[in-house]
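Each chain, letter by letter, is given below.
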Amino acid sequence: MEKRLLGYTKYGEKVDCYTLTAGELSVEILNYGGIIRSFTIQAFGSARDIALGFDDISGYETDTGYIGALVGRVANRIGNASYKLNGKYYQLEANNGPNCLHSGSYGYNRRIWDAQIDDGALALRLRDTGGNGGFPGKFEVEVRYTLSGERLIIEYKAVCDEDTPVSLTNHCYFNLGGHASGSIENHKITVFSNYITPVGDTLIPTGDLMDVANTPFDLRNRVKIGMGIDSDHPQIVLGGGYDHNFALSREPSRETSLAAVLEYDGLVLECLTTQPGIQFYSGNFLSGQTGKGGIIYNKRSGLCLETQNWPDAVNHSGFPDPILRKGDIYSHKTEYALRVANG
């Protein structure tokens, strides 16, 4: 593992970049936002970086797309930027229309994490004070990045001194052709889910489950992404792209299992997780950000496979329980396995 200085935030905070290497893979991770800056494989006679990112820290400070970042305390959207817990109402920042997205404008993607090299892994730790962002309790979280064989393993653990909603994820944007290769619409994807949580006009779940059969969301048998996007049904696929939770389990945790497979240009990326849901987001709101090497990231230059609890679960009693109880341990794992396709 190597460490280098990337730069300083506008507040003078030091930002370090750690490089993990194993076999043909290497990953760069920042202590700012726990960001995956690059994910590179040596294949076909060259190095191919499949993760969108920026050359310097200022790119991340001004980014509104959560590119590569750790997201918390609660990922995704919370309807009307509010929830009720133990008889008390909590008001959050409405930063996405009437809703709270990814815990507001000062979520964990904007924080400097304490970074330590621990038994071959990069351990990032953060202490979140009670009341920050509208979430109760003193929250302590550790995220471990390990590169082993062909797998990037992300392990999440957290405790809190009060009951609190929690849903942590990573918001890496993938493009198997390389971060500079343009649209992901020719990628093929498989998502091992029979249901999505359908959403309303502001992307908040209705509370129902929708069978994916005979819809653009039936991704169970390897679908070309561009063929699956259905702009004729905006009530289902808002904006002509995917930004939906695919249900993997009704329980808040499961055994580590395959959730999705992405294929393109000789590479395969497998996503495995203990989480009950996976948000497949097709980069609909990328809007011309200048990324690494001066590359412009336009709409659908990358896609996200965000493993997490179901969106707005804190406001839906029938969704997997998102509450971490005082004294309990939040524990989840996600693996991204990257390899050259067979044959």
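Quantities reported herein were computed from a predicted structural model and do not represent experimental measurements.

Our focus in this paragraph is the pairing of strand β1 (residues 2–8). Pairing analysis gives six bridges linking β1 to strand β2 (residues 14–22), with the strands arranged antiparallel. Note that in β2 the partner of Y8 across the bridge is K14. The hairpin formed by β1 and β2 contains five residues between the paired strands, and G12 there has a positive phi angle of roughly 85 degrees.

All right, on to the sheet that holds strand β21 (residues 243–247) then. Taken together, five strands build an open sheet; the order of strands is β19-β18-β21-β24-β27 and the sheet is antiparallel. Only two strands of the sheet have a single partner each, and these edge strands are β19 (210–211) and β27 (304–308). Note that β21 and strand β24 (residues 277–281) share five bridges and pair antiparallel. Its bridge partner being in β24, H244 is matched across the sheet by F280.

Moving on to the side chain of Q289. Of note, Q289 is situated in strand β25 (residues 289–290). With a relative accessible area of 14%, Q289 lands in the buried category. When near neighbours in sequence (up to four residues on either side) are disregarded, Q289 contacts F54, D63, I295, I296 and Y297.

Detailed conclusions should not be drawn from predicted coordinates in areas where pLDDT is low. Taken as a whole, the protein shows an average pLDDT of 94; of its residues, 96% reach a score of 70 or greater. Across residues 230–239, confidence stays below pLDDT 50; counting only partners more than four residues off in sequence or on other chains, it has 17 contacts.

Turning our eyes to something else, we now look at the pattern of salt bridges. Counted under the stated rule, the structure contains 21 salt bridges. Across the salt bridge formed by R300 and E185, the nearest N and O atoms sit 2.8 Å from each other. Of this pair, R300 sits in the loop between β26 (296–297) and β27 while E185 sits in the loop between β16 (169–170) and β17 (188–191), and the two are 115 residues apart along the sequence. The exposure class assigned to E185 is partly exposed, which follows from its relative accessible area of 28%. Residue R222 is joined to E263 by a salt bridge in which the shortest nitrogen-to-oxygen separation is 3.1 Å. You can see R222 sitting in the loop between β19 and β20 (223–224) and its partner E263 sitting in strand β22 (residues 257–264), a full 41 residues away along the chain. Residue classification places R222 among the partly exposed residues on the basis of a relative accessible area of 44%. Judged by relative accessible area, which is 21%, E263 ranks as partly exposed.

The next point concerns the environment of E251. Relative to the assigned elements, E251 resides in the loop between β21 and β22. According to the relative accessible area criterion, E251 is exposed, its value standing at 51%. Residues E251 and I78 lie 173 residues apart in sequence; the distance between their C-alpha atoms is 19 Å.

Rules behind the numbers
- Residues numbered from 1 in each chain as written.
- Predicted model: local features only at pLDDT ≥ 70, side-chain atom pairs only at ≥ 80, totals over all residues.
- Heavy atoms only, no water.
- Pairing = 2+ DSSP bridges.
- Helix = DSSP H or I, 4+ residues; strand = E, 2+ residues; numbered from the N terminus.
- Buried < 20%, exposed > 50% of the residue type's maximum accessible area, 1.4 Å probe, protein only.
- Contact = heavy atoms within 4.5 Å.
- pLDDT = per-residue confidence, 0-100.
- Salt bridge = Lys/Arg side-chain N within 4 Å of Asp/Glu carboxyl O.

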